[in-house]
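What the coordinates show
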Amino acid sequence: MADALPRATDRWDARARELDAADPIAFARERFRLPDGLVYLDGNSLGALTKASAERVARTVSEEWGHGLIGSWNAAGWVDLPGRVGERIAALIGASAGSVVAADSTSVNLFKVLAAALALRPERRVIVSQRANFPTDLYMAEGLAQLLAQGHELRLVDEGADPAGALCERTAVLMLTHVDYRTGAIHDMAALTRAAHAAGALAIWDLAHSAGALELALEASGADFAVGCGYKFLNGGPGAPAFLFVAPRHQGEARQPLSGWFGHSAPFSFEPGYRPSDGIRRFQAGTPSVIALSSLDAALDAFEGVTMSQIRDKSVALTTFFVEAVEALAGPDLRLASPRRGEDRASQVSWRHPDAYALAQALIAHRIVGDFRAPDILRFGFAPLYNRFDEALRAARGIAEVLHAGLHLDPRFQVRNAVT
Ligand SMILES: Cc1ncc(COP(=O)(O)O)c(C=O)c1O
Ligand SMILES: Nc1c(O)cccc1C(=O)C[C@H](N)C(=O)O
C-alpha cells in the first residue's frame, strides 16, 4: 500500500519494539510456519500451522498409515488419541484428567452434551441461551428439541440482558458461549453456573473462543458440560476435531445419544447391544479422524513451556496496544465493539463500521488478515503464541491507510465471498 499517511508515528514503533522485546513468550512464534510479510489476525477463526503439525501429519500419513497400516491402531496408539489429546486440552482449560475427550465437531459435541444434560433433568423443558450466541449452538439445540419431541423450548435472551434473569423452575439447561464471537465480551462463567445451579438447572459452556486464549478454571467454576473448537486458538488445522468436557460427578449417569461403538465399553466384542464405556470415553461415537487428531496433538506442543497466565497477559497487552494504536492513528470512524477494559475482553478486538466488509477485504488485499462478521463488525483475533506487537501496529496503520485512501469504497472490495 502506498504510504498515504505521513509517518509521524515513531513513538508507536518504539513502543511496539519495547513490548516485543519484553515479551516472555516471544520464543513460541518460532513454532509456527507463517507466510512472510503476512499479518495474520484471524487465529480466532483458523489458527496458524505449527511446524510440529506439518511434520506429524507427514509422518502419520507416510509412516504410520503407509507402512504401519492397520497395526498402527495399536503400535502408533491411534486408538487412544482422543483421550490423550483430551488430557492435553484438559490441562489448558482447568479440567481434571479423564474429563475431556477430543472428537467430532463442536456442533456434534454440543448435541451430545445437551442431550445428556436434558436427560439429567427429565422433568424440565426449557433451554436458556442468548439470541447472539454463535448460531450453530442454537441450530443444534433446535434440532435436538425437534427430535426429542417432548416440548422442549429454546428461550433466547436478548443482547445486553442477563441470561440468569431468564432462569426458572422449568429450566433444564443454561447453554452459553463463554466469549461472544462478535465482540469478544467474556461471560462470568462461575457466577452464571452458580445461578443455573441455584435454579436447579445444569450449565453447558461453549469454549470455542476461550480454549488456548484465556486462563480458565472450568471445573472449579462448577460447569457441568463444555465443548470447544480444535482449530482456533488450539491450532489443530481446518476442521480439526473438537473437544468436550463432562464434569466427573456426571460421568457415571450421563448418557449421550450418538451411541457408536467407540463409546462402547468393549467395542471389539462386537455385541449387538450398547453398553456405554466408563468415564469420558462414552462420549465418543465412531472411528476417530486420526490424521486430523495427530495434527491437533502436535499443535498442542506449541503450548509447552508457556503458561495460560502468560498467554492471557500477552493477549490483554496486545489487544490493549491495538485499541490504543487504532484510536490514535485511524481516527474516529471506527467504533470499538469490544469491551474497553482488557479484563473484560477475550483475545480479539472488534470494530463497528458501516463498510466493515469492504474494509476487511481491502486489508486482506494488503496482507492484513482479519475478518468481517455481519452486520458491521471488523474483527481481529490475537493469538499470543505467535502474534507480535509490531503486527498489531502494522494492522492499525493498515486500517488508517485504507480509511484515509478510501479503499473501502472501491467496488472491488464489496464483492461478497461465500466464506467471510
Ligand atoms: C462459539 C462457536 N461454536 C461453534 C463453532 C463452530 O462449530 P463447528 O466446529 O461445529 O463448525 C464456532 C465457529 O465456527 C463458534 O464460534
Ligand atoms: N469454522 C469456520 C469455517 O469452517 C469457515 C470459516 C470460519 C469458521 C469459523 O470458525 C468462524 C468462527 N467460529 C467465528 O467466530 O466466526
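Residues numbered from 1 in each chain as written. Chains lettered and ligands numbered in written order. Predicted model: local features only at pLDDT ≥ 70, side-chain atom pairs only at ≥ 80, totals over all residues. Heavy atoms only, no water.

Looking at an unreviewed UniProt entry, one finds the protein named Kynureninase, with Aureimonas jatrophae as its source organism. On record in UniProt, under Subunit (unreviewed entry), the comment for the protein is "Homodimer." Comment text from UniProt for the protein, heading Function (unreviewed entry), reads "Catalyzes the cleavage of L-kynurenine (L-Kyn) and L-3-hydroxykynurenine (L-3OHKyn) into anthranilic acid (AA) and 3-hydroxyanthranilic acid (3-OHAA), respectively." (UniProt positions renumbered as here; feature names shortened; annotations may be inferred.)

Residues given the UniProt feature "modified residue: N6-(pyridoxal phosphate)lysine" (unreviewed entry) here are Lys232. Relative to the elements of secondary structure, Lys232 occurs in the loop between strand 7 (225-228) and strand 8 (242-246). The residues touching Lys232, leaving out its near neighbours within four places in the chain, are Gly43, Asn44, Ser45, Gly47, Ala208 and His209. In this structure the side chain of Lys232 is engaged in a polar contact, spanning 3.1 Å, whose partner is the backbone oxygen of Asn44. (Helix = DSSP H or I, 4+ residues; strand = E, 2+ residues; numbered from the N terminus. Contact = heavy atoms within 4.5 Å. Polar contact = N/O pair within 3.5 Å; in protein donor to acceptor, adjacent residues only side chain to side chain.)

This brings us to the pattern of salt bridges. Applying the stated criterion across every chain yields a total of 24 salt bridges. In this structure, Asp390 and Arg388 form a salt bridge, with 2.8 Å as the shortest nitrogen-oxygen distance. Classification of Asp390 as partly exposed rests on a relative accessible area of 24%. Residue Asp390 pairs with Arg394 through a salt bridge whose shortest N-O separation is 3.9 Å. Remark: Arg394 and Asp390 occur in helix 11 (residues 389-405); sequence separation between them is 4 residues, near one turn of the helix. Taking the relative accessible area as the measure of exposure, Arg394 reaches 34% and is therefore partly exposed. (Salt bridge = Lys/Arg side-chain N within 4 Å of Asp/Glu carboxyl O. Buried < 20%, exposed > 50% of the residue type's maximum accessible area, 1.4 Å probe, protein only.)

So, about the packing of helix 10 (residues 356-365) against helix 11. At their nearest, the axes of helix 10 and helix 11 sit 10 Å apart, and the two run at 115° to each other. With respect to the hand of their crossing, helix 10 and helix 11 are arranged in right-handed fashion. Counting all contacts with helix 10, which are made through Leu359, Ala362 and Leu363, the residues of helix 11 involved are Gly398, Ile399, Val402 and Leu403. Within the contact of helix 10 with helix 11, the residues separate by chemical class into 6 nonpolar, 1 polar and no charged. (Axes fitted to C-alpha atoms, helices over the stretch in contact; angles between N-to-C directions. Left-handed = near helix turned anticlockwise from the far one by under 90°. Nonpolar A, V, L, I, M, F, W, Y, C, P; charged D, E, K, R; others polar.)

By volume, the largest pocket amounts to about 320 Å³. What lines the largest pocket is a set of 17 residues, among which Val79, Asp80, Phe262, Arg281 and Gln284 lie closest to the centre. Taken together, the elements giving at least two residues each to the lining of the largest pocket come down to helix 3 (72-75), helix 4 (81-93) and strand 2 (100-103). Grouping the constituent residues of the lining of the largest pocket by class yields 9 nonpolar, 5 polar and 3 charged. Put simply, the second largest pocket is a space of about 280 Å³. Around the second largest pocket, the lining is made up of 18 residues, and of these Phe134, Thr136, Cys229, Tyr231 and Lys232 lie nearest the centre. Elements that contribute at least two residues to the lining of the second largest pocket include exactly helix 5 (106-120) and helix 6 (135-148). Looking at side-chain class alone, the lining of the second largest pocket contains 6 nonpolar, 7 polar and 5 charged residues. (1 Å grid on protein atoms, 1.4 Å probe; cavity = no way out; pocket = protein on both sides within 12 Å on 5 of 7 lines; lining within 4 Å. Points joined across faces, edges and corners; volume = space filled by probe spheres on them.)

This part takes up the UniProt feature "binding site: pyridoxal 5'-phosphate" (unreviewed entry) in the protein. The feature "binding site: pyridoxal 5'-phosphate" (unreviewed entry), as annotated in UniProt, sits at Thr106, Ser107, Phe134, Pro135, Thr136, Asp137, Thr177, Asp206, His209, Tyr231, Trp261 and Thr287 in this numbering. An extended arrangement is adopted by the annotated residues: their sequence extent is 182 residues, and the largest C-alpha distance between any two is 30.4 Å. Lining the largest pocket, from this annotated set, are Trp261 and Thr287. Mapped onto the fold, Asp206 is located in strand 6 (residues 202-206). Residue Asp206 is classed as buried on the basis of its relative accessible area of 4%. The topology assignment puts His209 in the loop between strand 6 and strand 7. What makes His209 buried here is its relative accessible area of 6%. The residues touching His209, leaving out its near neighbours within four places in the chain, are Asn44, Val179, Tyr181, Lys232, Phe233, Gln348 and Arg379.

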